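Reading the structure
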Amino acid sequence: MPLQLVTAEGFVAGDADLVLGGALLGLGSVPHPEWPVQHVGAALLGVDAPALQETWLIDGAPVTAGRFEGVEWRRCGDVLYGVIELAEDALPAGGDKTALQWVSESAYERIFRLLDTQGLPHLWRVWNYLSDIHGDDGGLERYRRFNMGRGHAFEQAARSVVGRVPAACAIGLAQGPLSVAFLAGAVPAVPIENPRQLSAYLYPSDYGPRSPTFSRAALVYPPGQELLFISGTASIVGHRSLHDGNVLAQSQETFDNIESVLAEANRASRHGRFDLTGLSYRVYIRHAEHFDTVRRVLHQRCGNVAAVCLQADICRVELLVEIEAMGGHAA
């Protein structure tokens, strides 16, 4: 069995020998399983279940597991999935760093130390969730404080902050700790950028003292596979947000960006083409009343694809929708 993500309503235990980890999406709760799970406490839209469980399955070498400096992880061969959740009172603020900045930096420092210890240095895909993403934090927006902590950790670990950086998202929730989940491996990801957009790590200082550290997408290579991870994507052209207040236009612009990323990914792909109809999607919608509009655009552009929709905040206050995606095929 190649590395694959399965989604089910409620909780699906599956075969523990095949599980790397997963995510619990929604406001429901289930017993904590024996593998790392990221809790994404946001209301599900368009489904009756209070929660959905996403689980990464893989079949190969025996699965090993552990806990390292607060990071819960499982590994199969040269692929590792991990989750770390840090409350902002877990570390004291000090100097010119706020609590959020400290825990953001610390979370990534711990992840990099784990990956170095495991001999799997290459971060492929990261999912970041923080509370009150637009709130003030020592005179800066909290999302900007998070970017400062993340970026500094990359530099301190001698990781590149431009070019070869992982695919990622950063989403705001109503409450909860900083939560970071990630996939990593022995071989580097191939970063993909979007010619319609300025690379996020090159954003001007208008967006804060530290640019976000992520690529628009990444091609990664677990054994026998080619996977494409498309980062959280929104209605941004160049570095500017477009269509303020118009969720229909923002949704269309978002898919224009995803199509542009796909075109670049297909130029770099080693084993086949990707298209909109062959991906699975996670969709973040700021206002629940916009769900029908976003879903209609999703179906128009992609057909009847697998998609999980959540009510959550986007990294810029004027953005109403953000969409991430993934797909894969055999190598």
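Use the structure listed above.
Residues numbered from 1 in each chain as written. Predicted model: local features only at pLDDT ≥ 70, side-chain atom pairs only at ≥ 80, totals over all residues. Heavy atoms only, no water.

Our focus in this paragraph is the pairing of strand β20 (residues 307-311). Strand direction decides the pairing type here: strand β4 (residues 44-45) and β20, joined by 2 bridges, are antiparallel. Looking at β20, one finds that L45 is bridged to C309. The pairing of strand β19 (residues 280-285) with β20 spans 5 bridges and is classified as parallel. Residue pairing in the sheet places Y284 in a bridge with L310 of β20. Remark: the β19/helix α4 (residues 291-302)/β20 crossover connection has right-handed handedness. (Pairing = 2+ DSSP bridges. Helix = DSSP H or I, 4+ residues; strand = E, 2+ residues; numbered from the N terminus. Right-handed = clockwise from strand over helix to strand, strands pointing away.)

Turning to a negative patch on the surface, a few remarks are in order. Where like charges cluster on the molecular surface, the negative patch consists of D15, D17, E34 and D59. With respect to the helices and strands, E34 occurs in the loop between β2 (19-26) and β3 (37-40). On the basis of relative accessible area, E34 is assigned to the exposed category, the value being 61%. (Patch = residues over 30% accessible without salt bridge, like charges linked within 9 Å, V, L, I, M, F, W, Y side chains within 5 Å. Areas by Shrake-Rupley, 256 points an atom, 1.4 Å probe, with all protein chains shown as cover. Salt bridge = Lys/Arg side-chain N within 4 Å of Asp/Glu carboxyl O. Lys, Arg positive; Asp, Glu negative; His and termini not counted. Charge placed at Lys NZ, Arg CZ, Asp CG, Glu CD. Buried < 20%, exposed > 50% of the residue type's maximum accessible area, 1.4 Å probe, protein only.)

Quick look at the sheet that holds strand β8 (residues 79-86) now. What the 6 strands build is an open sheet, ordered β6-β7-β8-β13-β9-β12; its pairing is mixed. Among the strands making up the open sheet, the edge pair consists of β6 (63-68) and β12 (167-173). This sheet shows a mean twist of 10° between the axes of neighbouring strands, independent of strand direction. Strand direction decides the pairing type here: strand β7 (residues 71-76) and β8, joined by 5 bridges, are antiparallel. (Axes fitted to C-alpha atoms, helices over the stretch in contact; angles between N-to-C directions.)

Once that is clear, we can look at unusual backbone geometry. The backbone of D132 sits at a positive phi, close to 50°, despite the residue not being glycine. Within the fold, D132 resides in the loop between β9 (122-131) and β10 (136-137). Given the relative accessible area of 46%, D132 is considered partly exposed. The backbone phi angle of H243 is positive, close to 65°, even though this residue is not glycine.

Close approach of charged atoms allows side chains of opposite charge to pair. Taken as a whole and judged by the stated rule, the model has 16 salt bridges. Where E88 meets R142, a salt bridge forms, and the shortest distance between an N and an O atom there is 2.5 Å. Taken together, the residues span a long stretch of sequence, with E88 in the loop between β8 and α1 (99-118) and R142 in helix α2 (residues 142-156) at a distance of 54 residues. Given a relative accessible area of 23%, E88 falls into the partly exposed group. Note that E324 and R125 form a salt bridge whose closest N and O atoms lie 3.1 Å from each other. Taken together, the residues span a long stretch of sequence, with E324 in strand β21 (residues 321-330) and R125 in strand β9 at a distance of 199 residues. If you follow the salt bridges from partner to partner, you end up with D256, E259 and R301 in one network.

Attention now moves to the pairing of strand β16 (residues 225-233). The two faces of the sheet receive side chains in turn, since in a regular strand these alternate between them. Burial within β16 is extensive, with 9 of its 9 residues counted as buried. Sheet analysis places strand β15 (residues 217-220) next to β16, joined by 4 bridges and oriented antiparallel. Bridge pairing in β16 links A218 to F229. Where β15 folds back onto β16 in an antiparallel hairpin, the turn is made up of 4 residues, including G224, whose phi is positive at roughly 75°.

Its volume calculated, the largest pocket comes out at about 430 Å³. Along the wall of the largest pocket there are 29 residues; nearest its centre are L5, E54, W56, S280 and M326. Of all the secondary-structure elements, those providing two or more residues to the lining of the largest pocket are β1 (4-9), β2, β5 (51-57), β9, β16, β19, β20 and β21. Per element, the largest residue contribution to the lining of the largest pocket is 6 residues, and it comes from β21. For the lining of the largest pocket, a count of residues per class yields 16 nonpolar, 9 polar and 4 charged. The volume enclosed by the second largest pocket comes to roughly 350 Å³. Counting only elements with at least two residues in the lining of the second largest pocket, the list comes to α2, β12 and β16. (1 Å grid on protein atoms, 1.4 Å probe; cavity = no way out; pocket = protein on both sides within 12 Å on 5 of 7 lines; lining within 4 Å. Points joined across faces, edges and corners; volume = space filled by probe spheres on them. Nonpolar A, V, L, I, M, F, W, Y, C, P; charged D, E, K, R; others polar.)

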